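# Per-entry structural report
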Amino acid sequence: MASSSSEDDIPLMKRKKQVKNEHKGRSYSPRSAEQTPDPTQARSKSVIGEDESSDEEMPLAKRANSKSNGKHIKSEDSSDDDNVPLVSHWKHAFACIIIRLLTKKKKKYIGKESQTREKAAYSWKSSLYLQTKKRPAPKVEDSSDDEKPLAKVRKDIKKVPKVKAEDEKKVVKKQTKKVEEEEAEAQYKWWEQGNEDDGSTKWNELEHNGVLFPPAYEPHGIKMKYDGKPISLSPEAEEVASFFAALIETDHGKNPVFQKNFFSDWQEILKKDDKNPKISNFEKCDFRPMFEHFEIEKERKKQLTKAEKQQIKEEKTKVEEPYLYAIVDGRKEKVGNFRIEPPGLFRGRGDHPKTGRLKRRVMPEQVTLNLGENAPIPKPLPGHKWGGVVHIHEATWLASWKENINGTIKYVFLAATSSWKGQSDMQKFEKARELKKHVNRIRKDYSQQLNDKLMETRQRATAMYLIDKLALRAGNEKGDDEADTVGCCSLRYEHVTLEPPNTLVFDFLGKDSIRYHNSVTVEPQVFKNIKIFKKQVGPDNMIFDRLTTMSLNKHLSSYMKGLTAKVFRTYNASHTFQEQLDKLTREDDSVNDKLLSYNRANREVAILCNHQRSVSKNHGQMIAKIEDKIRAMKYQRKRLRRQIIQLDPKMKKSKMEEMQVESDLEDEWIEEHQKDLLVKEREKITTKFEKNNEKLVSEGQAALPEKELKEKLKAVDEMEKEMKREKQSGQIELKSNATVDKLLAQITKLDERIKATKNQALDKEEGKETALSTSKLNYIDPRISALWCKKHNVPVEKVFSKTLRDKFQWAMEVDDNWVSWSTVGLGPLILVAN
DNA sequence: GCCACAACTTAGCAGGGTGATT
DNA sequence: AATCACCCTGCTAAGTTGTGGC
């Protein structure tokens, strides 16, 4: 049955999707040096495939599912789209602005009057916390009325720091602290307000001070060498050379693609100024003088006194000040990344074809500001103009610009603590919680559809299984000019291997070129499906050849509004966390042990989501150090046991046995260890002696003679002799007051310390490549943590840093009745019966 | 029906700050 | 007080999702 059914499985239309990228060798190290030096050469490889009709022949369009159901699932709000045209491009935007300006007052509220009224009222109510005098009751209809008080409010806010700046440091410090506290108290608690978000208009009034540009380049004049000779460069060429020089010792700087891309962009810059020398060979470039200069500068920076450092910091905060906050509908909100990204070399991850290219300096002409119609327009850099000013009420960004490497748009948004971010964060978790209600049905459906006749349905069901079970990402297709990474829908033949009877081995590079390597036992039908799909598409091709993230998400949204592949990840993560936390937490544990459980649960989630971090360079050393520490303690213990035997021969049998159990104390090691102990002891005594002398001299007294030191070191010599004697006789010299009980007590203490250190090592080893922070920040519902802390008397500060507490303010006050994640619904990893 | 674009979330890394340890 | 490991934060790259125009 199993084999014959595969005939039916083959769809009517047999299509192939050739991979656009060349098949890259499996090199999982993102920085591996084995790149093809010439990308044009590499690219030509892509045609090599057993299928002659490769990419060019097979337009992507063909892949599309022809079964357009025509049922355009659109949200209800689309009906009033015409009210607020979505500006897709700032050039277009100008036209819109004009229209808007002309029709503003009326247009704003047409068709959404009631909603907007509510919203406006609500935002006025909440603006109380602005620490300003009470305002007159709002007149919703007339927006121009808002204008004056708003501007005034803005000024008031600004005035506060200005006044302070005139006073001296201490005052400033104290007051800023005060202001911060006040701000914290006055936080706008949007989560206590009614639900108002209609999802389209995000603001009525928006003011901010634009963006902060990086300082102009200041040439350092350090001459790099070309062909062994020092060369002088134009400031611009020097700047770009410096970008590279700073990286020569890093993995980027050693990456041939990075070098090549940098070099060709640099050559373009060099050509701009005739005075620059002709530089045609990368090999002849010596960036080391610049590199060393930067190292010295770094060192100098470190050496600055506390006061100097403080001053630099203060100057920095002063410059930043105007950009820190925006005013949204009368509320002060923190801005996130108000700094324009400085120029530099693009540090693409993994095998990014464009890594090393020059990321050019951004000028005001490239920057578009999103502001309220009534807001004052911040001043651009002197002698410059803004690229544009738009009033997109549907968007939350404050400024944007296009970056020159990939042509993507960069945005300035509000900070994570803002109500916009907080609201959408909460919505995300609410959506995931809502999935609980539907997940059973969804699982039942896809389980059935695993052997659907229609290939597309079957692929979709299989993909859903993987997304649900393994928390894979959706996996959009990527272009030639990006690193070759995949997610669920874009998995290729070589990324999944079959291990009968029903184990799949996943091995691919995911987001950020992080390797996903996992061996999973799956439903027999899933195994069978992957086998069929693979057979059909052949090597180098996408396994789900008639599935796109779009079609998948469209299907998902038919189950639940807003359901997409990504929601499963959030759902799985939070659910797993709650489940693990419940399982691991013991009521009578100490706070420390509870935290251990918390972190373990967190780690489970991080593993599920494959959140990795690079193992720190000296991780091995660190572990070795800990192991050495353990061995040293064991050695101590061994000696204690010996002493017991010496004191009481009756104990011999049991203690000897105990000693036998631990056999990783080799004689060789002991000898090394003893030598080490002696060396360290001598060092200790010597440095102590020297320091004491320095002190004496500085106090105007005479230094102690060398003799004194020798005298002191004699004690160590004595130790050494003692060790030798001990080795020869096997007898340890006992302290006069030693008793068996005392020694036993010491052993118990050592036992504990050894155990603790072992745990520490284990914990470090386990966690060396798992990053807990990403899941904590993005996937685990913070209310679970808040509630857990409350319930188990663990201070929240132990699990959330200050920034996290700020970000998750909305979650900090969950009441005990909040229905937690585990109480309803099924876990993510439960296998669905066929 | 596809693609490009837009907007927003998610991600790891570098480097600085901080707190523990000696 | 110095040192060191580690934690936090800022940065920006790299995803996902939605939309509109051709």
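Residues numbered from 1 in each chain as written. Chains lettered and ligands numbered in written order. Predicted model: local features only at pLDDT ≥ 70, side-chain atom pairs only at ≥ 80, totals over all residues. Heavy atoms only, no water.

### So, the overall build of chain A
- What chain A contains, in helices and strands, is 26 helices and 15 strands.
- Scored against the burial criterion, the 834 residues of chain A give a buried share of 43%.
- Within chain A, contacts between residues separated by at least 24 positions form 73% of all contacts whose residues are at least 6 apart in sequence.
- In the structure as shown, chain A presents an accessible area of about 47900 Å², 53% of it carried by carbon and sulfur atoms. (Helix = DSSP H or I, 4+ residues; strand = E, 2+ residues; numbered from the N terminus. Buried < 20%, exposed > 50% of the residue type's maximum accessible area, 1.4 Å probe, protein only. Contact = heavy atoms within 4.5 Å. Areas by Shrake-Rupley, 256 points an atom, 1.4 Å probe, with all protein chains shown as cover.)

### Examining unusual backbone geometry
- The omega torsion of the bond from Pro-500 to Pro-501 falls at 5°, within 30 degrees of zero and hence cis.
- We note that Asp-540 has phi near 75°; this positive angle belongs to a residue other than glycine.
- Note on placement: Asp-540 falls in the loop between helix H14 (524–537) and helix H15 (549–557).

### A closer look at the pattern of salt bridges
- A complete count under the given rule lists 27 salt bridges for this structure.
- When the shortest N-O distance is used, the salt bridge between Lys-189 and Glu-813 registers 3.6 Å. With Lys-189 in the loop between helix H6 (169–185) and strand E1 (206–207) and Glu-813 in the segment after helix H26 (809–812), this residue pair connects regions lying 624 residues apart in the sequence.
- The exposure class assigned to Glu-813 is partly exposed, which follows from its relative accessible area of 44%. (Salt bridge = Lys/Arg side-chain N within 4 Å of Asp/Glu carboxyl O.)

### Comments concerning the pairing of strand E14 (residues 503–509)
- Of all the seven residues making up E14, seven are buried; the element is thus mostly covered by neighbouring parts of the structure.
- Side chains Thr-503, Val-505, Asp-507 and Leu-509 of E14 all project onto a buried face; the interleaved residues Leu-504, Phe-506 and Phe-508 project onto the opposite face, where all are buried too.
- Bridging between strand E13 (residues 496–499) and E14 involves four bridges; their strand directions are antiparallel. Within the sheet, the bridge partner assigned to Glu-499 lies in E14 and is Thr-503.
- Remark: three residues form the turn of the hairpin made by E13 and E14, two consecutive strands paired antiparallel. (Pairing = 2+ DSSP bridges.)

### Brief notes about the side chain of Asn-276
- Looking at where Asn-276 falls in the secondary structure, it is placed in the loop between helix H9 (256–271) and strand E4 (285–286).
- Looking at Asn-276, its side chain comes within polar contact range of the main-chain nitrogen of Ser-234, at 2.7 Å. (Polar contact = N/O pair within 3.5 Å; in protein donor to acceptor, adjacent residues only side chain to side chain.)

### Topic: the protein's contact with DNA strand C
- Lining the immediate surroundings of DNA strand C are 30 residues, of which Lys-410, Gly-475, Lys-478, Lys-764 and Thr-803 lie closest.
- Among all atoms of DNA strand C positioned within 4 Å of the protein, those belonging to sugar or phosphate total 89%.
- One nitrogen or oxygen atom from the side chain of Lys-410 is found 2.5 Å from a phosphate oxygen belonging to DNA strand C.
- Taken together, the residues that form the surface near DNA strand C break down as six nonpolar, 10 polar and 14 charged. (Near = heavy atom within 4 Å. Nonpolar A, V, L, I, M, F, W, Y, C, P; charged D, E, K, R; others polar.)

### A few points about the sheet that holds E13
- As summarised here, the arrangement of the three strands in space is E13-E14-E15, forming an open sheet in which the pairing is antiparallel. In the strand order of this sheet, the two ends are held by E13 and strand E15 (515–521), each with one partner. Each neighbouring strand pair of the sheet contributes to a mean axis angle of 15°, computed without reference to strand direction.
- The sheet contacts of helix H13 (residues 455–470) involve E14 and E15, and relative to E15 the element is tilted by about 100°.
- Across the sheet, H14 is in contact with E13 and E14; its angle to E13 comes to roughly 125°. (Axes fitted to C-alpha atoms, helices over the stretch in contact; angles between N-to-C directions.)

### Details of the confidence of the model for chain A
- Chain-level statistics for chain A give a pLDDT mean of 75 and a share of 72% at 70 or above.
- Taken together, the stretch residues 1–185 has pLDDT below 50 and engages in 226 contacts with residues farther than four places along the chain or on a different chain.
- This model gives residues 827–834 a pLDDT under 50, and the stretch forms 20 contacts once residues within four places in sequence are excluded. (pLDDT = per-residue confidence, 0-100.)

### Here's the deal with the pairing of strand E11 (residues 399–402)
- Relative to E11, strand E9 (residues 367–370) is paired through three bridges, and the arrangement is antiparallel. Its bridge partner being in E11, Leu-369 is matched across the sheet by Ala-399.
- Bridge count for E11 against strand E12 (residues 409–412) is four bridges, and the pairing is antiparallel. Across the sheet, residue Trp-401 finds its bridge partner in E12, namely Lys-410.
- In this structure, the hairpin formed by E11 and E12 is closed by a connection of six residues, where Gly-407 is found at a positive phi of approximately 70°.

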